[in-house]
Amino acid sequence: MNLLRQTVALLKKEIILEWRSKYAFNGVLLYIVSTVFVCYIAFNLTPNFKSSSGYSLVWNVLFWIIILFAAVNAIAKSFLQESRSRLLYYYTIASPQAVLLSKTIYNALLMSLLSFLALLVYMVFFTNTIGDTFWYFLVVLTGGITFSTVFTMVSAIAAKAGNNGTLMAVLSFPVILPVIMLLIKISKSAMDGLDRSLSYGNFGVLAAINVIVIAISLILFPYLWRD
Amino acid sequence: MKFIYQSWWKILGVILVFYTMIAGFLLPVPKLPLLHETIRNVYFHVPMWMGMLVVFGISVVYSIKYLATSREEYDLVAVESVNTGIFFYALGLVSGMLWAKFTWGEYWSSDPKQNSAAIAFLLYCAYLVLRNAIDEDQKRARISAIYNIFAFPIMIVLLFILPRMTDSLHPGNGGNPAFGRYDMDNNMRAVLYPAFIGWILISVWIATLRYRIRLIENKQNSI
């Protein structure tokens, strides 16, 4: 119960900090909007792009790539922005698991909100009909949460290894690729309006990946923060 | 650690690998459509992956041991096992690509298992990049041990769980029957199982040799 209390307290602190500055949220939201707009301009240089046959395919893949890069940018901050002394202070008052859990939950909340908004913005510029809208939104939320569980641990490792963005990308992309393959598959079937029961198995694998990643992170993080 | 200085298992490994090379090319194999004589590649392609899995497994065990004890030798075992594993990874990938050229028509047919294997290869390359990024010895050992433990289950998911869920050209995946089901007769099993053991022993031997060289280098540097 101690762990739960500490996690909630740290989570509250993360949210209050974010609410006061709104730096991560606004920054990443602007990042998403400008990326979507760049893609919109770039793709519309080709006339009749929207009526071409591969449009729905490109639509889906492009969306996930935008979300992927937004997630890397948003979550890389979670440990990189903390100063050494502040981290030390956290560890004196809370258990390392609570620190990791609070960061993960905070990132999951941030990413679900951001990916939800990103989808809205994306749909404004790239008009498309989604077969099963509710299911697509659900996939996007799951995707945001899975990105945050994986990237939180990776950003903790990258932050310890000298705070550079290259390392974050190199370490996280191979880890996130199976997730993104699954997500693109499920979201494509949601877009085509296929029967929902077809993607239960893939959702199961995503859930399993989340559980494995969180479990390993909780076990390994206490070794990581010690300096 | 006395095990690595004994020689019986190294001799056994060499004998088994020679046996599979001779018996693998001479013993009769079932005549199957498409595969024909290329089925003999199963004596090399699959055991190399087994060797890779075992050395990666060893490196994870030693990473865990390192985190528990902080002994530098354990970190050396882990990194040299990964180096050997990457070598066997490349061998498994190349032998698989050659086989794919003759049976599926292309070196790279975008088969889910091939793609997963390429991703997992990146995963372990990232491990080596991570090691290069950190200067301080103990910090490098600790962080790379953590990443190694983190990467191993993801590699297992990539290579053995995801390809099974989709259509794959590999046997045993996506509803295809596994090789052992009816393609393989007892003649082939008599070569394949010794080949597993032989290549695993050889890969462990290479890893121990690399570890011992590293140990000597370490001692020379510390003087």
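Residues numbered from 1 in each chain as written. Chains lettered and ligands numbered in written order. Predicted model: local features only at pLDDT ≥ 70, side-chain atom pairs only at ≥ 80, totals over all residues.

### Section: the overall build of chain A
- A count of helices and strands for chain A gives 8 helices and 0 strands.
- Taken from N to C terminus, the helices and strands of chain A fall in the order α-α-α-α-α-α-α-α.
- Summarising its shape, the C-alpha atoms of chain A cover approximately 60 × 35 × 30 Å along the three principal directions.
- When the 227 residues of chain A are sorted by exposure, 38% land in the buried category. (Helix = DSSP H or I, 4+ residues; strand = E, 2+ residues; numbered from the N terminus. Buried ≥ 20, exposed ≤ 12 C-beta atoms within 10 Å, placed from the backbone.)

### What to know about the overall build of chain B
- Tallying secondary structure elements over chain B gives 7 helices and 0 strands in all.
- Its helices and strands taken in sequence order, chain B reads α-α-α-α-α-α-α from the N to the C terminus.
- For chain B, the C-alpha radius of gyration of 19 Å lies close to 17 Å, the compact-globule estimate for 223 residues.
- Here chain B holds 223 residues, and the buried ones make up 39% of them. (Rg over C-alpha atoms; globule rule 2.2 N^0.38 Å.)

### Details of the environment of Trp225 of chain A
- Relative to the assigned elements, Trp225 of chain A resides in helix α8 (residues 200–225).
- Residues contacting Trp225 of chain A, with those up to four places away along its chain left out, are Leu87, Tyr91 and Pro96 of chain A. (Contact = placed C-beta atoms within 7 Å.)

### Structural notes on the interface of chain A and chain B
- Counting from both sides, the interface comprises 20 residues of chain A and, opposite them, 21 residues of chain B.
- Among the secondary structure elements, those contributing two or more residues to the side of chain A that touches chain B are α6 (133–160), α7 (165–191) and α8 of chain A.
- A class-by-class count of the residues in the side of chain A that touches chain B yields 17 nonpolar, 2 polar and 1 charged. (Nonpolar A, V, L, I, M, F, W, Y, C, P; charged D, E, K, R; others polar.)

### As for the packing of α7 of chain A against helix α4 (residues 112–133) of chain B
- It is the contact of α7 of chain A with α4 of chain B, at a shortest axis distance of 9 Å, that shows an interaxial angle of 160°. Relative to α4 of chain B, α7 of chain A is oriented roughly antiparallel. Note on packing geometry: the crossing formed by α7 of chain A with α4 of chain B is left-handed. Contacts from Leu167, Val170, Leu171, Pro174, Val175, Leu177 and Pro178 of chain A of α7 of chain A reach α4 of chain B at Ile119, Leu122, Leu123, Ala126, Val129, Leu130 and Ala133 of chain B.
- Class assignment of the residues belonging to the contact of α7 of chain A with α4 of chain B gives a composition of 14 nonpolar, no polar and no charged. (Axes fitted to C-alpha atoms, helices over the stretch in contact; angles between N-to-C directions. Parallel < 35°, antiparallel > 145°, perpendicular 65-115°, else oblique. Left-handed = near helix turned anticlockwise from the far one by under 90°.)

### Digging into the environment of Tyr19 of chain B
- Within the secondary structure, Tyr19 of chain B is located in helix α1 (residues 8–26).
- Taking the C-alpha atoms as reference points, Tyr19 of chain B and Pro194 of chain B, separated by 175 residues in sequence, lie 8.2 Å from one another.

### Topic: the confidence of the model for chain A
- With 99% of its residues at a pLDDT of at least 70, chain A reaches an overall mean of 85.
- Helix α4 (residues 84–93) of chain A is the least confidently modelled element of chain A, averaging 83 in pLDDT, while helix α5 (residues 96–125) of chain A averages 90, the highest of any element. (pLDDT = per-residue confidence, 0-100.)

### Here we look at the packing of helix α3 (residues 72–103) of chain B against α4 of chain B
All names here are of chain B.
- Interhelical geometry of α3 versus α4 gives an angle of 150° and a closest axis separation of 11 Å. Relative to α4, the element α3 lies roughly antiparallel. Note on packing geometry: the crossing formed by α3 with α4 is left-handed. Contact residues: Val79, Val82, Gly85, Ile86, Tyr89 and Leu93 in α3; Ala117, Phe121, Tyr124, Tyr127 and Arg131 in α4.
- Its residues assigned to classes, the contact of α3 with α4 shows 9 nonpolar, 1 polar and 1 charged.

### Side note on the confidence of the model for chain B
- Scored by pLDDT, chain B comes out at a mean of 84, with 91% of its residues at no less than 70.
- Confidence estimates for the predicted assembly give a pTM of 0.83 and an ipTM of 0.79.

### Re the environment of Ile65 of chain A
- Structurally, Ile65 of chain A can be placed in helix α3 (residues 55–80).
- For the pair Ile65 of chain A and Tyr122 of chain A, spaced 57 residues apart in sequence, the C-alpha separation works out to 12 Å.

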